[in-house]
Amino acid sequence: MNYGQFLQMIPEAALVAVLLIVFFADMFMGKSGEKKNKMLGLLTGILMLVPLAACALADPTEAFGGLYVTSSLANAMKAILTAGTLIVIIMAQPWLDTARKYTGEFYELVVSTLLGMYIMVSSGNFLMFFLGLETASVPMACLVAFDKKKKISAEAAAKYILTATFSSGVMLYGISFLYGATGTLYFDDMVVPLSNISNYATEKLALAIMGLVFFFSGLGFKLSLVPFHFWTADTYEGAPTPVTGYLSVISKGAAALALCIILTKVMAPLVEYWEVLMGTVIVLTITVGNLFAMRQKELKRFMAFSSISQAGYIMLAVMGNSATGATALTYYVLIYVVANMAVFSVINVVEQRYGRTDMDAYNSFYETNPKLSFLMTLALFSLAGIPPFAGMFSKFFVFMAAAQEGSFLAYFVVFVALINTVPSLYYYLRIVKAMYIKKSTTPLPAFRTDVNTRLALALCTAGIVAFGIISCVYQWIATAAGV
């Protein structure tokens, strides 16, 4: 084997280098303490700029006989995921000050998870894809259980890892069916056999359809699509807030693009089957997510059901033309990263200071903390799709991509998604109402946020405002997708 091919995997190689440097720095910096915590955080944040630059500058390439295949769009998604991870690292600093003994482990697990996501979006083979998925999932379970002394965190991790294990088994079962129907695990080599068997009512066609259903079911867990979402609320509530933010945004982006590529390219001959499946799941996901979000009074559970609904909107892009849909999906993930992380940054700093994540804690929040209230309002407006913020444009591009497909099913799904924007607007405005209108006799006192939270909020707010105004961002993604 030519080991020089590893050098073609520049973003992955850069991320492995970051992981090793952080590991040895943690090992040789001595005992844990506030100084070590801050030094490791600064070091990791600076080092994460290297894979970010590598993703932005890397060219499309192929290695190891097609196991690793990356494109400009995949590199764009990696850059978005890396930027989101950098925000998580920044916002997690106040929380890590209370868990100084495990600071290095946190950064190492985050980077390991991101490496798995890199592999997922650059896979050219189902085996490679599965390895990337597991590389992302196993460290994530450790992150969910990071507050090991809290019972709720251990419970959340148990639910996550058990569901992840079951979904992995279902996915492998589906992949074995696809291998039996086509005789290969390579994405490019599957297209012709699937095209041939789709023309005949054969046993192989039934095998391929069953493989598609099982594979989709396994990946539906990662995306929190209905009916594979039952783990989401409990896991989000029990995990540390920075981990919840990471789980709700970053992991979804990699899985969404990977599923989009597999369905629109590899499974294109079976489009008449998976399009119905996808449409049904999207309608259920958006509707169920919205209905349950309206009932929540705990903010992390609220954001869990909000993320389920957002996953439905993300996957709506897959219904359309492959290039246009992939562009809209990637742009949506970009906007979702900055908006969602802004909300979690505020939730995190309030939780660290006062130990509260319930919605009532934000009653009269504007009177004591007007700046935080204003920034959180911008993020919530973007998530709801209110113009002129970036969230409105991301939803518009997703609807446009799905409607371009032109079928009755696509129009129906877009119509249901449009109708669902009304309840989503209602439940996002509930938080705004609590901050600005609801009165409290004991509102949270005024406080000054730390440097890390201010930096995270500044980056997120700049993205919310700028990405909705600067059209060249969408055009850059469209060019990468070949639109």
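Shown above is the structure to which this text applies.
Right, let's walk through the structure included here. No experiment lies behind these values; they were computed from the predicted model shown.

### Here's the deal with helix α8 (residues 151-182)
Because each turn of an α-helix spans 3.6 residues, side chains separated by three or four positions end up pointing in the same direction.
Argument step 1. For α8, spanning 32 residues, the distance from its first C-alpha to its last is 46 Å, which sits close to the expected 46 Å at 1.5 Å a residue.
Argument step 2. Looking at the residues trailing α8, positive phi occurs at G183, about 80 degrees.

### Here's the deal with the environment of F302
Argument step 1. For F302, the location among the structural elements is in helix α14 (residues 299-316).
Argument step 2. Judged by its relative accessible area of 0%, F302 is buried.
Argument step 3. A C-alpha to C-alpha distance of 24 Å links F302 and G279, two positions 23 residues apart in sequence.
Argument step 4. Residues in contact with F302, not counting those within four places in the same chain, are A293, Q296, M359, Y427, Y428 and I431.

### Topic: the environment of F126
Argument step 1. Positionally, F126 belongs in helix α7 (residues 126-144).
Argument step 2. A residue is classified by how much of its surface remains accessible, and F126, at 0% relative accessible area, is buried.
Argument step 3. Separated by 136 residues in the primary sequence, F126 and I262 have C-alpha atoms spaced 9.5 Å apart.

### A closer look at unusual backbone geometry
Argument step 1. A cis amide bond links V226 to the next residue, P227, at an omega of 10 degrees.
Argument step 2. Relative to the helices and strands, P227 resides in the loop between α10 (203-223) and α11 (232-238).
Argument step 3. Although it is not a glycine, S224 sits at a positive phi angle of roughly 60 degrees.
Argument step 4. Position of S224 relative to the elements: it lies in the loop between α10 and α11.
Argument step 5. Given a relative accessible area of 0%, S224 falls into the buried group.
Argument step 6. Not every positive phi belongs to a glycine, and S364 is a case in point at roughly 65 degrees.
Argument step 7. Within the fold, S364 resides in the loop between α15 (322-354) and α16 (365-368).

### So, the pattern of salt bridges
Argument step 1. Taken as a whole, this structure holds seven salt bridges when the rule is applied.
Argument step 2. A salt bridge links R301 to D234; the nearest nitrogen and oxygen atoms lie 2.8 Å apart. In this pair, R301 is assigned in helix α14 and D234 in helix α11, connecting sequence segments 67 residues apart.
Argument step 3. The salt bridge involving R301 is made with E237; its shortest N-O contact spans 2.9 Å. With R301 in helix α14 and E237 in helix α11, the pair connects residues that are 64 residues apart, well separated along the chain.
Argument step 4. Connected through shared salt-bridge partners, E155, K159, D234, E237 and R301 make up one network.

### So, the side chain of T61
Argument step 1. On the secondary structure map, T61 appears in strand β1 (residues 61-63).
Argument step 2. With relative accessibility at 19%, the residue T61 sits in the buried group.

### Re the packing of aromatic side chains
Argument step 1. In total, this model carries 27 aromatic pairs according to the counting rule given.
Argument step 2. Relative to F28, the ring of F24 has its centre 6.4 Å away and its plane inclined at 10 degrees; by these criteria the two rings are stacked. Residue F24 and its partner F28 are both found in helix α1 (residues 10-28); the two are separated by four residues, about one turn of the helix.
Argument step 3. Look at F24 and you get partly exposed, because its relative accessible area is 41%.
Argument step 4. Since its relative accessible area comes to 64%, F28 is described here as exposed.
Argument step 5. With a centroid separation of 6.1 Å and an interplanar angle of 65 degrees, the aromatic rings of Y313 and F399 are classed as edge-to-face. With Y313 in helix α14 and F399 in helix α18 (residues 390-403), this residue pair connects regions lying 86 residues apart in the sequence.

### Looking at the packing of helix α4 (residues 72-91) against helix α6 (residues 103-121)
Angle between the axes and distance between the axes are the two parameters that describe a pair of packed helices.
Argument step 1. Direction vectors running N to C along α4 and α6 enclose 165 degrees, while the axes themselves pass 10 Å from each other. Between α4 and α6, the interaxial angle falls into the category roughly antiparallel. Taken as a pair, α4 and α6 cross one another with a handedness that is right-handed. Contact with α4, carried on its side by A74, M77, K78, L81, T82, T85 and I89, involves Y107, V110, L114, M117, Y118 and V121 of α6 and no other residues of that element.
Argument step 2. Across the contact of α4 with α6, the residue classes break down as ten nonpolar, two polar and one charged.

### Observations regarding the packing of α6 against helix α12 (residues 241-266)
Argument step 1. Where α6 contacts α12, the axes come no closer than 8 Å and their chain directions differ by 15 degrees. Judged on the interaxial angle alone, α12 and α6 are roughly parallel. Once α6 is placed against α12, the crossing between them reads as left-handed. Taken together, the residues of α12 that come into contact with α6 (itself represented by F106, V110, T113, L114, M117, M120 and V121) are V243, Y246, I250, S251, A254, A255, L257, A258 and I261.

### Structural notes on α12
Argument step 1. Counted at 1.5 Å a residue, the expected span for α12 with its 26 residues is 38 Å, and the 37 Å between its end C-alpha atoms agrees.
Argument step 2. Along α12, the helix axis deviates most sharply at L247, where the bend reaches about 30 degrees.
Argument step 3. Counted residue by residue, α12 has 24 buried out of 26 residues, so it is predominantly covered.

What counts, and where the lines are drawn
- Residues numbered from 1 in each chain as written.
- Predicted model: local features only at pLDDT ≥ 70, side-chain atom pairs only at ≥ 80, totals over all residues.
- Heavy atoms only, no water.
- Helix = DSSP H or I, 4+ residues; strand = E, 2+ residues; numbered from the N terminus.
- Expected span 1.5 Å × (residues − 1).
- Buried < 20%, exposed > 50% of the residue type's maximum accessible area, 1.4 Å probe, protein only.
- Contact = heavy atoms within 4.5 Å.
- Salt bridge = Lys/Arg side-chain N within 4 Å of Asp/Glu carboxyl O.
- Phe/Tyr/Trp six-rings, centres within 6.5 Å; stacked < 30°, edge-to-face > 60°.
- Axes fitted to C-alpha atoms, helices over the stretch in contact; angles between N-to-C directions.
- Parallel < 35°, antiparallel > 145°, perpendicular 65-115°, else oblique.
- Left-handed = near helix turned anticlockwise from the far one by under 90°.
- Nonpolar A, V, L, I, M, F, W, Y, C, P; charged D, E, K, R; others polar.
- Bend = angle between axes of the 7 residues up to and from the residue.

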